[in-house]
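Report on the structure
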Amino acid sequence: MLRSIQQGFSNLAKANPLKNGFRFENQNLTWTFGEFDTHSSAFAYGLIEQGWKQGDKLLLLLGRSNTSEAAAAFIGAAKAGITVIPFRSNDQNDIEKAINIINPKGIVFSPNQLINEAKFIEVLKNLVPEAWQTQSGSILKSNKFSNLKWLIHTGFYSYPGTYKFRESLVYASRNFNRLSLPQSTGPIAAVLKNGSLQNYSYQDLLKMSEKVSGSQHVIVSGDPQTVTNFSIVLGGLERGYNTVLTGGEKLNKVQKILQYYGNYSLVVDDSVLVDQQKLDVNNLESLFVTGDINKAQDIFQKQALQF
């Protein structure tokens, strides 16, 4: 029988609400399992209050440093029955094509993320000019992207036709809550490949995370918003290991972080393998890589496994 996300980690979060579950190193932020449950539910309630329905799609165009936002948005959207599609490109044309193919109801984005030499908020002005004629609180109507209704950003400043991420969070009381979360068993994540979407269910991502399930700590270095890393986040919430997201970091910064953890597995991608220095890491139980295995083995002096 298919399980929903509500039947998974929420039980662990209720049983261990005060246990540290997540560390977002680049933001100097630690969440307990209970706090993660609260923040992700707040995003889920915010989507539901905005009128999102099961089966809607949310596109993530976040910067590498937005680790807590990426994790909370992914899990929160999954709680609301929404499919999250992470996407990264430095080409405005590629982003426009992705929006057309994915047909999202909304986008969560980093306004200051650079697309080539332009900030994404400037790129967005070109893609969705109607946002700058949309009053705050009104639903967006785009001529080019008919299904696009919500633009949510992680910045500090206000922009026309958009919502701040923190303003999209609804911290509903458990005792006085008119909102409810669905028991959805549909896809919770997808990736754009060869012009079409490849969907992943709760069970698909949970199975992916089995590779790191024996570790006390799982440290993720590189792009925080990939389906692989979403599976690790989900696995931590289901199984109770401590998940550490470093963001897109240099290897010397990663090594400094590792010294504070014992019995850990490390997951890296090509974005942190550009350095050619060799690292001698202690307490490394398993090394997983989503990219070049030979380069990872050379740098970390450890047999690497393909995630």
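Everything quoted here is computed from the prediction, not taken from an experiment.

Some remarks on the pairing of strand S15 (residues 284-289)
Two faces, one strand: in a regular strand the side chains alternate between the faces of the sheet. Taken across its six residues, S15 has five buried, putting it largely inside the fold. Bridge analysis of strand S14 (residues 264-268) against S15 gives five bridges, and the strand direction is parallel. Counterpart to Leu-266 in the pairing with S15 is Leu-287. With three bridges connecting them, S15 and strand S16 (residues 304-306) associate as parallel partners. Paired with Val-289 across the strands is Gln-306, a residue of S16.

Quick notes on the UniProt feature "domain: AMP-dependent synthetase/ligase" (unreviewed entry) in the protein chain
Using the residue numbers shown here, the UniProt feature "domain: AMP-dependent synthetase/ligase" (unreviewed entry) corresponds to residues 27-129. For the annotated span residues 27-129, helix accounts for 49% and strand for 20% of the residues, and the straight-line distance between the end C-alpha atoms is 32 Å.

Observations regarding the packing of aromatic side chains
Following the criterion strictly, the structure yields 10 aromatic pairs and no others. On the basis of an interplanar angle of 80° and a centroid distance of 5.6 Å, the ring pair of Trp-31 and Phe-36 is categorised as edge-to-face. Ring geometry for Phe-43 versus Phe-165: centroids 5.2 Å apart, planes at 15°, classification stacked. Of this pair, Phe-43 sits in helix H2 (residues 33-50) while Phe-165 is found in the loop between strand S9 (163-164) and strand S10 (189-193), placing the two residues 122 residues apart along the sequence. Comparing Phe-43 with Phe-165, the two get one shared label, buried. Three or more aromatic residues link up through ring pairs in this structure, and these residues are Phe-22, Phe-24, Trp-31, Phe-33 and Phe-36. In this arrangement the basic side chain of Lys-211 is found over the ring face of Phe-307, its NZ or CZ atom lying 5.3 Å from the centre.

What about helix H8 (residues 251-258)?
For H8, the set of buried residues is Leu-251, Val-254, Ile-257 and Leu-258. Seen end-on, H8 carries its buried residues on one side only, within an arc spanning 115°. In the core, the buried residues of H8 are packed alongside strand S12 (217-221), strand S13 (242-247), S14 and helix H9 (293-300).

So, the nonpolar core
Of all hydrophobic cores here, the largest spans 52 residues; its most connected members are Phe-22, Phe-36, Leu-58 and Leu-205. Examining the composition of this core, we find that eight residues originate from one element, helix H3 (residues 67-79), more than from any other. Leaving out residues up to four positions away in the same chain, Phe-36 has contacts with Phe-22, Phe-24, Trp-31, Ala-71, Ala-72, Ile-75, Val-233 and Leu-237. Counting 24 residues, the second-largest nonpolar core is a separate cluster that includes Phe-109, Leu-127, Phe-145 and Ala-190.

Conventions and cut-offs
- Residues numbered from 1 in each chain as written.
- Predicted model: local features only at pLDDT ≥ 70, side-chain atom pairs only at ≥ 80, totals over all residues.
- Heavy atoms only, no water.
- Buried < 20%, exposed > 50% of the residue type's maximum accessible area, 1.4 Å probe, protein only.
- Helix = DSSP H or I, 4+ residues; strand = E, 2+ residues; numbered from the N terminus.
- Pairing = 2+ DSSP bridges.
- UniProt positions renumbered as here; feature names shortened; annotations may be inferred.
- Phe/Tyr/Trp six-rings, centres within 6.5 Å; stacked < 30°, edge-to-face > 60°.
- Lys NZ or Arg CZ within 6 Å of the ring centre and 35° of its normal.
- Arc of directions from axis to C-beta.
- Contact = heavy atoms within 4.5 Å.
- Core = buried A, V, L, I, M, F, W, Y, C linked by side-chain atoms within 4.5 Å.

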